[in-house]
Each structure stands twice: as C-alpha cells, then as structure tokens.
Amino acid sequence: MAGAERGEEAALEQGLLAPEEPNQLIYTGDGSVDFSGNPVVKETTGRWKACPFILGNECCERLAYYGISTNLVTYLTKKLHDGNASAASNVTTWQGTCYLTPLIGAILADAYWGRYWTIATFSTIYFIGMAILTLSASVPVLMPPSCEGSFCPPASPFQYTVFFLGLYLIALGTGGIKPCVSSFGADQFDDTDPAERIQKGSFFNWFYFSINIGALISSSFLVWVQDNLGWGLGFGIPTVFMGLAIISFFSGTSIYRFQKPGGSPITRVCQVVVASLRKWNVHVPEDSSLLYELPDGVSAIEGSRQLEHTDELTCLDKAATITDVDVKTADFSNPWRICTVTQVEELKILLRMFPIWATTIVFSAVYAQMSTMFVEQGMVLDPSLGSFKVPPASLSTFDTLSVILCVPIYDYILVPLARRFTGNERGFTELQRMGIGLVISVITMSVAAILEIKRLAIAREQHLVDQNVPVPLSIFWQIPQYFLVGLSEVFTFIGALEFFYDQSPDAMRSLCSALQLLTTAFGNYLSTFILTMVAYFTTRGGNPGWIPDNLNQGHLDYFFWLLAALSFLNLVIYVVCAGKYKSKKAA
C-alpha cells in the first residue's frame, strides 16, 4: 500500500498526474455507486481503504483452492490409487474446468447481478463443495480402502462420485469468484482520476501478492498436514478458510464502490454482428462522425462510457451506419438493426485482444506442470532433509516465495527504474510485461528438462532403472524451476490481469477477466491433451513411453523439452501480435 503512495508521489514529481477538476473532488467520475445505488463520495469509499476486505477474501479463497489443488495429484495416486498419467490428467482437467466456469460468473455479473452478488452467491457454492470434499476424506464409508502390500484396490464408483462432486462444485464456485474479485477490487479506483489510476496499477501487484500468501500456507503447512496428519484435516482447514473468505468479503460492504451491470455482453456482440450483416451492402461513410452515437457523451450501455471510433475492422461499422430507412422510420431503438459506435467498438476491442489472449494459453500449460509433472518428478528425487522427508508438492512453496519476493521488488524498485527510461506511469506496458514472462517460461521448461536428464543419468549409474524408487539426487534441485515459474507469473499473469481489465470495455470487465482466466483452462486442457498424445504415441509397440508409472524407465525430459519448444514458438507469435496491437481509446 505504501508502494502505491510512493508511486503516486513519483508520478506527481514527473508531471504524470494532471490537476483534478472541481467535480472530481466530490464524486467519482466513472459512474460507480454505493450499495444503495447512489453516487459515491470519493473520500469515504473505495481506494485502499476498501481493498483489505477484498484482498483478505482473495487470500483466504486462494488458500482454500491451493489447499486442494497443490497436493491433489498425491491424493489421487496414493489414496484413490490412480496411475501417474491418469492422476495428472484428472488434475489438469479439473483445474481447466476451474478456469472455464468463470465465463458463467462473468456473464451473470456483467449482465444481471453485478460483481458483488455474483461473488457472494458462488462463494456459498464453493463452501458447500469444500465441505463435501472434506467429508469424502473423513467418513470411512466414503474413503477408498488402503493398499494391502503391493495390491491397491481402486475406489468404488460411489466414492469416486462423492469425491468428484465436491471437487466440481468447487470448480463451479470458482467460476463466480475468479472473474469478479480482481475486477471488483480494481473498481475501487476511479479511472477518471489520474492518481487513483496509478494506484490501481499497484493494486494488481498486491492482489497477486495476496493470492500467493494463501498459496504459501497451502503449499507448506497444508501439504505437510495432508501427508502427515491426514487428508480429512488437510481438506477441513481450507474449508474453514473459505468461510473466513466469505466473512471478509461481506465486512467491507459499506465502503465498496459498485459498477452497475450493463446487460448481456454476449447479446450486444450478437447485435453488432446481426446489424452488420443486415447492412452488408451499405456503404460506410468516410466521416466517422456520421455514424450513430448518442449525443452529449452519454452511452447507451448502462455502466459504460463512450468509446472513440477506430479505423480497424470497418466492416463492423456498418452496424452503426445510418441508412435512409433508419431516417424515414426515425427508429433508433432497435439494436438488432442499428448499434452505437460504442457498442461496435466493444466488439472490435474483443477481436483485437483475441491474438494476445490466444498466445497466453501455452504459458498456462507450462504453469500447470507445477502441480502435476513437477510433483511427479519430485516423487523420484531424494526428499530427505536430515531426518525430515519433504513432501514433493511442498516445493511449490518456492514458486510462492518467488512471487512474494518479486512483487515488492517489481513495485518498489523495477517500476520506478523502468519509468525513467520508458516514461510509462507503470514502468512497462502490460504487453511488455507479459512478453518478459513468456521468455522466462521457455527458460523454466529448459531447466526442468536439464534436471531430469541428470536424474535419469544417476538412475542408470545406480542401476535403478527397473526400480520405481527415488534416485539419490536431492529434491531441492527443483527449486530453480519453481522459482522461475514464480518469476514468470509476476510478469505474465499480473500483466494479463492489468491488460484484460484496462483494455476491456467498461461493461465487459468481468467477461474479459473471465477470458483471461479461460487461457488457464485451455492451458490445462492443452497439458492434458499433450499428456494423452505423448502416452498414446510413445507407448506403442510395448514401449514404456515417456511418462510410465516408473519414471526411471521413462523420458520425462523429452516432455519438458517439448513444452520448451512450444513455448518458444508461442513467444515468437506473441511478439508479432503484440507489435500490431492498438490500445483502447475512450471518447
């Protein structure tokens, strides 16, 4: 928080902040309202005074989520007796669903409920899912039988059903929280106030910082509890924290700023497409001022400001072209026939963002390895720290520590330093920040592959290839790859949060946040697809494949090199797309 204030002071010194207009001193200028729907006074609402409740909610909710996801592959292999490839696929499929369901929550928030009530409703569903999952690991009849020697009986269909019911209720609950919390937090800062706009840039850093505080507790303390004190307690503690997340969120209601829902963004997009097709033979005027728009800067979309016309994708401008028929009938109220420039520009913005969105999918596939193949790699490394055995999943602590360490360094040191060279009030543009993270992701997978090459060499030297046992190589050699994942997150994930919020139309911010989360879903599904294809093609002819149950017989290093190559190709495509991107402009 102090970093935000210092950032504001530095910006003032450099003349980045313009003096406030008199009307800005009392009320916000972005159309935000209080809980009762009245205009909000700037001094008594929003800004950093409202953020602790939102950041506390996110910290507790992420502690609950990572308390399940971080060690889930271990539960599936050790308790439900899944194979390595099957367990990894189940985890990535579930994680993918957790980042697919935000589309549901985003549409409800932008169109009907608003972000506040969407978060409240889906948090309840989330809590119910957590409770069911805890019961599935605590009640004897719901728990799978233990192994008898080398024989491990699979869980019954009923046990699988209860477990996955809880798991996928959590995925549904996540869908209403994830696309709304970051946007709701950013809503506490007035876009029309230059000082608050800079503070909002810092908010995204501290939002991600709070996520990783929750993740740190999960990947260290909760993983140890699950491995040593039992999974009932290990799932029960996150359930309690999810309850605390709900309490924290409601506690700040009186000082929150709210944005009114603007109607269905999907409907508005369809209206532009239909209106454009209906006027396919209409000539678009060269003078954009002749296109249809409401006068006096008023937007036809609730909770939205007017957008400036752009010269790209001019075929869509047909939807805002006024024809003789429109003039004769004097009917401009049918958006399926004629749309405002702002409505057309909403769709243009989505289409311009699409290439950037698509190039973050591979990065999410790399990130997914931290809770799947990195953990399975750790299972065949030496976990000893004196007499203490380090749970493989707890190594993700170093990813979290990396983020916790790098966010303040980025906010306090790197941004002021970069600002001197770039002149950008945030140091780097969102696209530059994301690109740096993509470079680091290529390095990350290369480091993981090199470690696996070393591990397999030791397995051959020690004649352990035919034994499914850890090799005498410390698990702490995984620290560099976990640290690099965290560093790449600070650049790519936080940069993407900023990009999809700032560049989105006012009335589509939850939807665009959901689209950003959707890349994580597709990244997990891509990881599942790659794992499935690798298993299919590398096990033909009776071969053990790259990722067999006994990794000492496999070639996990090939899998990591494959992801490194895909990441590099993706980086090249991203650089081209980012170079062509044109930012949103308000009218």
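What counts and how
- Residues numbered from 1 in each chain as written.
- Predicted model: local features only at pLDDT ≥ 70, side-chain atom pairs only at ≥ 80, totals over all residues.
- Heavy atoms only, no water.
- UniProt positions renumbered as here; feature names shortened; annotations may be inferred.
- Phe/Tyr/Trp six-rings, centres within 6.5 Å; stacked < 30°, edge-to-face > 60°.
- Buried < 20%, exposed > 50% of the residue type's maximum accessible area, 1.4 Å probe, protein only.
- Lys NZ or Arg CZ within 6 Å of the ring centre and 35° of its normal.
- Helix = DSSP H or I, 4+ residues; strand = E, 2+ residues; numbered from the N terminus.
- Contact = heavy atoms within 4.5 Å.
- Domains from an automatic or database assignment.
- Salt bridge = Lys/Arg side-chain N within 4 Å of Asp/Glu carboxyl O.
- Polar contact = N/O pair within 3.5 Å; in protein donor to acceptor, adjacent residues only side chain to side chain.
- Nonpolar A, V, L, I, M, F, W, Y, C, P; charged D, E, K, R; others polar.
- Core = buried A, V, L, I, M, F, W, Y, C linked by side-chain atoms within 4.5 Å.
- Expected span 1.5 Å × (residues − 1).
- Axes fitted to C-alpha atoms, helices over the stretch in contact; angles between N-to-C directions.
- Left-handed = near helix turned anticlockwise from the far one by under 90°.
- Patch = residues over 30% accessible without salt bridge, like charges linked within 9 Å, V, L, I, M, F, W, Y side chains within 5 Å.
- Areas by Shrake-Rupley, 256 points an atom, 1.4 Å probe, with all protein chains shown as cover.

You'll find the chain entered in an unreviewed UniProt entry as Major facilitator superfamily (MFS) profile domain-containing protein, with Panicum hallii var. hallii given as the organism. Here the chain is described in UniProt, under the heading Subcellular location (unreviewed entry), as follows: "Membrane". The Sequence similarities (unreviewed entry) comment attached to the chain in UniProt states, word for word, "Belongs to the major facilitator superfamily. Proton-dependent oligopeptide transporter (POT/PTR) (TC 2.A.17) family."

### What to know about the packing of aromatic side chains
Tallied over the entire structure, the rule returns 47 aromatic pairs. Seen from their ring centres, Y116 and W117 are 5.1 Å apart, and the 90° between their planes marks the pair as edge-to-face. Taking relative accessible area as the criterion, Y116 reaches 5% and is therefore assigned buried. Here W117 falls in the partly exposed class, since its relative accessible area comes to 45%. Geometrically, the ring pair formed by F163 and F164 is edge-to-face, given 5.2 Å between the ring centres and 85° between the ring planes. Feature note: the residues F35, Y116, W117, F184, F249, F250, Y256 and F258 constitute an aromatic cluster, connected by ring pairs. The positively charged end of R62 is found above the aromatic ring belonging to Y66, 5.5 Å away from the centroid. One Lys or Arg, R509, reaches over the ring of Y501 and ends 4.2 Å from the middle of that ring.

### Section: the environment of L531
With respect to the helices and strands, the residue L531 is situated in helix α17 (residues 509-538). On a C-alpha basis, the gap between L531 and L395 in space is 22 Å, while along the polypeptide they are 136 residues apart. The contacts of L531, once residues within four sequence positions are left out, are A88, M373, I547 and F559.

### A closer look at the domain arrangement of the chain
Splitting the chain by domain gives domain 1 (27-261), domain 2 (263-344) and domain 3 (345-586). One C-alpha centre belongs to domain 1, the other to domain 2; they are set 39 Å apart. At the junction of domain 1 and domain 2, the tally comes to zero salt bridges. For the interface between domain 1 and domain 2, the tally reads zero residue pairs in polar contact (both at pLDDT 80 or more). Residue composition of the side of domain 1 that touches domain 2, grouped by class: four nonpolar, two polar and three charged.

### What to know about the nonpolar core
Core analysis: the largest hydrophobic core is formed by 143 residues, its most contacted members being W94, F163, F559 and F560. Take this core: its biggest share by element is twelve residues, from helix α16 (residues 479-502). Setting aside residues no more than four positions away along its own chain, F559 makes contact with Q369, M373, I530, L531, V534, W546 and I547.

### Structural notes on helix α4 (residues 84-98)
An ideal rise of 1.5 Å per residue puts 21 Å on 15 residues; α4 measures up with 21 Å between its terminal C-alpha atoms. Those residues of α4 lying buried are N84, A87, A88, S89, V91, T92, W94, Q95, G96, T97 and C98.

### Quick notes on the packing of helix α5 (residues 102-136) against helix α6 (residues 157-186)
The contact between α5 and α6 brings their axes to 6 Å, and the two run at 145°. α5 and α6 meet at a crossing whose hand is left-handed. For the contact of α5 with α6, the class distribution of residues is 25 nonpolar, eleven polar and two charged.

### Thoughts on the environment of L307
Among the secondary structure elements, L307 is positioned in the loop between α9 (265-278) and α10 (324-329). The buried category is assigned to L307, whose relative accessible area is 8%. Expressed as a C-alpha distance, the spacing of L307 and Q343, which sit 36 residues apart in the sequence, is 8.3 Å.

### Let's talk about the side chain of T372
Looking at the secondary structure, you find T372 in the loop between α12 (361-368) and α13 (373-378). What T372 contacts, discounting residues up to four positions off in sequence, is A88, V91 and T92.

### Things to note about the pattern of salt bridges
By the definition in use, this model includes twelve salt bridges. Here E58 ties to R62 by a salt bridge, and the two come within 3.9 Å at their closest N and O atoms. Here E58 and its partner R62 are both found in helix α2 (residues 47-69), four residues apart, which amounts to about one turn of the helix. For E498, the salt bridge is made with R433, and the minimal N-O distance between the two is 2.8 Å. Note that E498 is positioned in helix α16 and R433 in helix α15 (residues 430-461), a separation of 65 residues in sequence. Here the two residues E498 and R433 agree in accessibility, since each one is buried. Three or more residues are tied together by salt bridges with common partners; here these are E58, E61, R62 and K178.

### Quick word on a nonpolar patch on the surface
Together, F35, Y112, W113, W117 and F250 give the surface a local cluster of nonpolar side chains, amounting to about 570 Å² of exposed area. Broken down by element, the residue count for the nonpolar patch peaks at three residues, all from α5. Following the sequence through the fold, W113 ends up in helix α5. We classify W113 as partly exposed; its relative accessible area is 38%.

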